[in-house]
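Structure assessment
The residues making up each chain are set out below.
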Amino acid sequence: MKAIFRINRALLDEIHSDLNRRHPFAVERVGFIACGAAALPDGYLLLAQSYHPVADEHYEEDLLVGAMMGSNAIRKSLQLAYQEPVSMFHVHRHEHRGKPHFSRVDVQESARFVPDFWKVRPNKPHGAIVLSHDSMSGAWWNPESKKAQSFAEMAVIGRPTFTYREEAWTLADRVSLAPTAMM
């Protein structure tokens, strides 16, 4: 199966603007993108609909990571997915130009909280996106197999329009995780 991700230039600009804001103690900002999901014969088309930043008070101090979300941040995003028929994607940015890659911490933390979204939207793909200043990468968890893999294609629609294509990979290819960590 494959997944294709599309985001409007204006929404992406809004996300970058929010991620630029300083936080009292977190080194970076994070948020969630709510997406409409359409089933394709061989996967999903995910259309970014809205951005939901993590509130200042929902960050936890943790010197080992750039930003640590507290349980209230996850709860708020789960509530949104419960109320609206959307797929949820955690988003953050790495401060460089060029293609970003998930860090080991990104992979481990995503594998911990992404499956929680199946408790409220079990038939939808959910995942994580990492931005750079001029590119993006993403992972989506298949609701049937419960495995994470890269997006086949990610596109920014607007002026200018960009399309990013990835070689297929799974999380197991990126970082060695126990299979139970992704369930």
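As a reminder, the structure under discussion sits directly above these lines.
In this text the structure is predicted, and so the values were computed from the model without any measurement.

1. Let's talk about the side chain of Lys124
As for its position among the elements, Lys124 is in the loop between helix 3 (104-113) and strand 7 (126-131). There is no salt bridge for the buried Lys124, and the closest opposite charge comes from Glu84, which lies 10 Å off by N-O distance. In this view, Lys124 contacts Ala37, Pro85, Val86, Ser87, Trp118 and Pro143; residues no more than four positions away in its chain are not counted.

2. Quick notes on the pairing of strand 10 (residues 153-157)
Burial analysis of strand 10 places four of its five residues in the buried class, the great majority of the element. Here five bridges tie strand 1 (residues 2-8) to strand 10, and the two strands are oriented parallel to one another. By the bridge assignment for strand 10, Ile4 is matched with Glu153. Pairing geometry for strand 10 and strand 11 (residues 162-165), over four bridges, is antiparallel. Paired with Val156 across the two strands is Phe162, which belongs to strand 11.

3. As for the nonpolar core
Counting 24 residues, the largest nonpolar core has Phe32, Val54, Met88, Phe102, Phe113, Phe117 and Trp141 as the members making the most contacts within it. Among the nonpolar cores identified, the runner-up in size contains 23 residues, and Phe89, Ile129, Leu131 and Met154 belong to it.

4. Notes on the sheet that holds strand 8 (residues 136-141)
On the basis of which strands lie adjacent, the open sheet formed by nine strands has the order 9-8-7-6-2-3-1-10-11 and mixed pairing. This sheet does not close on itself; its edge strands, each paired only once, are strand 9 (148-150) and strand 11. Neighbour-to-neighbour, the strand axes of the sheet open up by a mean angle of 25°, direction not taken into account. Against the sheet, helix 1 (residues 9-20) makes contact with strand 1, strand 2 (30-40), strand 3 (43-53), strand 6 (87-93), strand 7, strand 8, strand 10 and strand 11, and its axis sits at roughly 45° relative to strand 3, the strand it touches most.

5. Some thoughts on the packing of aromatic side chains
Applying the stated criterion across every chain yields a total of six aromatic pairs. Ring centres 6.3 Å apart and planes at 75° place the aromatic pair Phe32 and Phe113 in the edge-to-face group. Linking Phe32 in strand 2 with Phe113 in helix 3, this pair joins segments that are 81 residues apart in sequence. As far as the burial class goes, Phe32 and Phe113 line up, both buried. Among the aromatic residues, those joined into a cluster by ring pairs are Phe5, Phe89 and Phe151. Directly above the ring of Trp118 sits Lys146, whose terminal nitrogen or CZ lies 4.4 Å from the centroid.

6. Considerations on unusual backbone geometry
Even without a glycine there, the phi angle at Lys146 is positive, about 65°. Structurally, the position occupied by Lys146 is in the loop between strand 8 and strand 9. A residue is classified by how much of its surface remains accessible, and Lys146, at 26% relative accessible area, is partly exposed.

7. As for the side chain of Glu153
You can see Glu153 is positioned in strand 10. Within the structure, the side chain of Glu153 is placed 2.6 Å from the side chain of Arg6, a separation counted as a polar contact. Every residue in contact with Glu153, bar those within four places of it in the chain, is listed here: Ala3, Ile4, Phe5, Arg6, Thr163, Tyr164 and Arg165.

8. Some thoughts on the pairing of strand 8
Of all six residues that make up strand 8, six are buried, and the element is covered over most of its length. Residue alternation in strand 8 divides its side chains into two sets, Met136, Gly138 and Trp140 and Ser137, Ala139 and Trp141, and both sets are buried. Taken together, the six bridges between strand 7 and strand 8 define a ladder with antiparallel strand orientation. Across the sheet, Ala128 pairs through a bridge with Ala139, a residue of strand 8. Taking the residues that link successive antiparallel strands as the turn, the strand 7-strand 8 hairpin has four residues.

Reading the values: the criteria
- Residues numbered from 1 in each chain as written.
- Predicted model: local features only at pLDDT ≥ 70, side-chain atom pairs only at ≥ 80, totals over all residues.
- Heavy atoms only, no water.
- Helix = DSSP H or I, 4+ residues; strand = E, 2+ residues; numbered from the N terminus.
- Buried < 20%, exposed > 50% of the residue type's maximum accessible area, 1.4 Å probe, protein only.
- Lys, Arg positive; Asp, Glu negative; His and termini not counted.
- Salt bridge = Lys/Arg side-chain N within 4 Å of Asp/Glu carboxyl O.
- Contact = heavy atoms within 4.5 Å.
- Pairing = 2+ DSSP bridges.
- Core = buried A, V, L, I, M, F, W, Y, C linked by side-chain atoms within 4.5 Å.
- Axes fitted to C-alpha atoms, helices over the stretch in contact; angles between N-to-C directions.
- Phe/Tyr/Trp six-rings, centres within 6.5 Å; stacked < 30°, edge-to-face > 60°.
- Lys NZ or Arg CZ within 6 Å of the ring centre and 35° of its normal.
- Polar contact = N/O pair within 3.5 Å; in protein donor to acceptor, adjacent residues only side chain to side chain.

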